[in-house]
Amino acid sequence: MFSLRTIEWFGIQSVNDQTNAAPARTGSWIRLVYQLPRKESAHPRYWCRASQLLRVIRPDLWNEVRRLNDRQSEQALVSLLDQHSKALDLPAIVVAEQNLASPSEAHWVALYESRTLSHALTTFAVLAKTTDGICSPQRATSVSALYTPRIVKNRNQHESVWEVALWLGHGYADLVARALQSPANQLPLEALL
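These numbers come from a predicted model, not from an experiment. Every chain is numbered independently, its residues counted from 1 as its sequence is written. Where local features are concerned, this predicted model is filtered to residues with pLDDT of at least 70; where side-chain atom pairs are given and counted, the filter is 80 or more; whole-chain, interface and lining totals use all residues. To obtain the side-chain values, all non-hydrogen atoms of the structure were used and water was disregarded.

What to know about the confidence of the model for the chain
Right, on to step 1. Confidence of the predictor in every single residue is expressed as pLDDT, which spans 0 to 100. Residues of the chain with pLDDT of at least 70 account for 80%, and the chain-wide mean is 83.
Right, on to step 2. Note on contacts: a residue pair is in contact if any heavy atoms of the two residues lie within 4.5 Å. Low pLDDT (under 50) marks residues 9-23, which in the prediction has 16 contacts with non-local residues, meaning those over four places away or in another chain.

Encoded structure:
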């Protein structure tokens, strides 16, 4: 399993280790965010190839991926994102917020207080299935949004940022567990082509 940066909980952890029981009754936002500083070797000057994205989400495959042509890299990326999306087992339709820099007025407080998961594969898989404020795992995978991350300047350092938030009626801990245990984290390249 690669590219897991952080898991952050918002709320109080109960004595019996069930994190913040309120969302089980009311639902909550989960922010999926992945940031990559420009100084990291995996960060290209421009995001224009599927192989660059594959390097970020599965660095263990980089030696094999860089030998692929563009069509094969795109096929492997789409297949990997599809496999991971299935493993996440999201509902057929989930409300999503793609503009986390300036979300809608109705969402900004709840998003600010939401839980965060920084896992490149999960963030990319959800973004590839999201359009017009709706995430639908049955939707055809579209990787175009992955080539245009938001650029953020933090302390004299530029970062590429991919982010999306999902409204989950329940199952935050289940989503995290499914993301980390997904077979897509370990699939060999041959299985993706």
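On we go.
Quick word on the pairing of strand E2 (residues 28-37)
Regular strands have side chains that alternate between both faces of the sheet.
Right, on to step 1. With eight of 10 residues buried, E2 is to be regarded as a mostly interior element.
Right, on to step 2. For E2 and strand E8 (residues 157-168), the ladder comprises 10 bridges, and the chain directions are antiparallel. Looking at E8, one finds that Arg 31 is bridged to Ala 165.
Right, on to step 3. Whether two strands pair comes down to DSSP finding at least two bridges between them. Secondary structure follows DSSP: runs of H or I at least 4 residues long count as helices, runs of E at least 2 residues long count as strands, and numbering of each begins at the N terminus. As paired strands, E2 and strand E4 (residues 115-119) are joined by three bridges and run parallel to one another. From the neighbouring strand, Arg 31 faces E4, where its bridge partner is Thr 116. Relative accessibility under 20% of the residue-type maximum defines a buried residue, over 50% an exposed one, and the middle range a partly exposed one, all with a 1.4 Å probe and only protein chains included.

What about the nonpolar core?
Right, on to step 1. Joining through side-chain atoms within 4.5 Å is the link that ties buried Ala, Val, Leu, Ile, Met, Phe, Trp, Tyr and Cys residues into a set, and such a set is a nonpolar core. Formed by 47 residues in total, the largest nonpolar core has its most connected members in Ile 57, Leu 77, Leu 81, Leu 90, Trp 162 and Leu 166.
Right, on to step 2. Only E2, helix H2 (50-57), helix H3 (62-65), helix H4 (70-88), strand E3 (94-97), helix H6 (120-128), E8 and helix H7 (172-181) provide two or more residues apiece to this core.
Right, on to step 3. When residues of this core are assigned to their parent elements, the largest contribution, seven residues, is made by H6.

A look at H4
Right, on to step 1. Take the residue count of a helix, subtract one, and multiply by 1.5 Å to get its expected span. Its 19 residues give H4 an end-to-end C-alpha distance of 27 Å, which sits within 8% of 27 Å, the value for a rise of 1.5 Å per residue.
Right, on to step 2. Among the residues of H4, those classed as buried are Ser 73, Ala 76, Leu 77, Ser 79, Leu 80, Leu 81, His 84, Ser 85 and Leu 88.
Right, on to step 3. Where the residues of H4 are buried, they touch H2, H3, E4, H6 and H7.
Right, on to step 4. Asp 89 sits one or two positions beyond H4 and adopts a positive phi of about 55°.

Remarks on the pattern of salt bridges
Right, on to step 1. Whenever Lys or Arg places a side-chain nitrogen within 4 Å of a carboxyl oxygen from Asp or Glu, that contact is recorded as a salt bridge. Considering all chains together, one arrives at four salt bridges under this definition.
Right, on to step 2. Residue Lys 129 is joined to Asp 82 by a salt bridge in which the shortest nitrogen-to-oxygen separation is 3.0 Å. On the criterion of sequence distance, the pair formed by Lys 129 in the loop between H6 and strand E5 (130-131) and Asp 82 in helix H4 is long-range, its members being 47 residues apart.
Right, on to step 3. Lys 129 sits in the buried class, given a relative accessible area of 5%.
Right, on to step 4. Residue Glu 163 is joined to Arg 150 by a salt bridge in which the shortest nitrogen-to-oxygen separation is 2.7 Å. Of this pair, Glu 163 sits in strand E8 while Arg 150 sits in strand E7 (residues 150-154), placing them 13 residues apart in sequence.
Right, on to step 5. By relative accessible area, Glu 163 is classed as buried at 10%.
Right, on to step 6. A residue is classified by how much of its surface remains accessible, and Arg 150, at 35% relative accessible area, is partly exposed.

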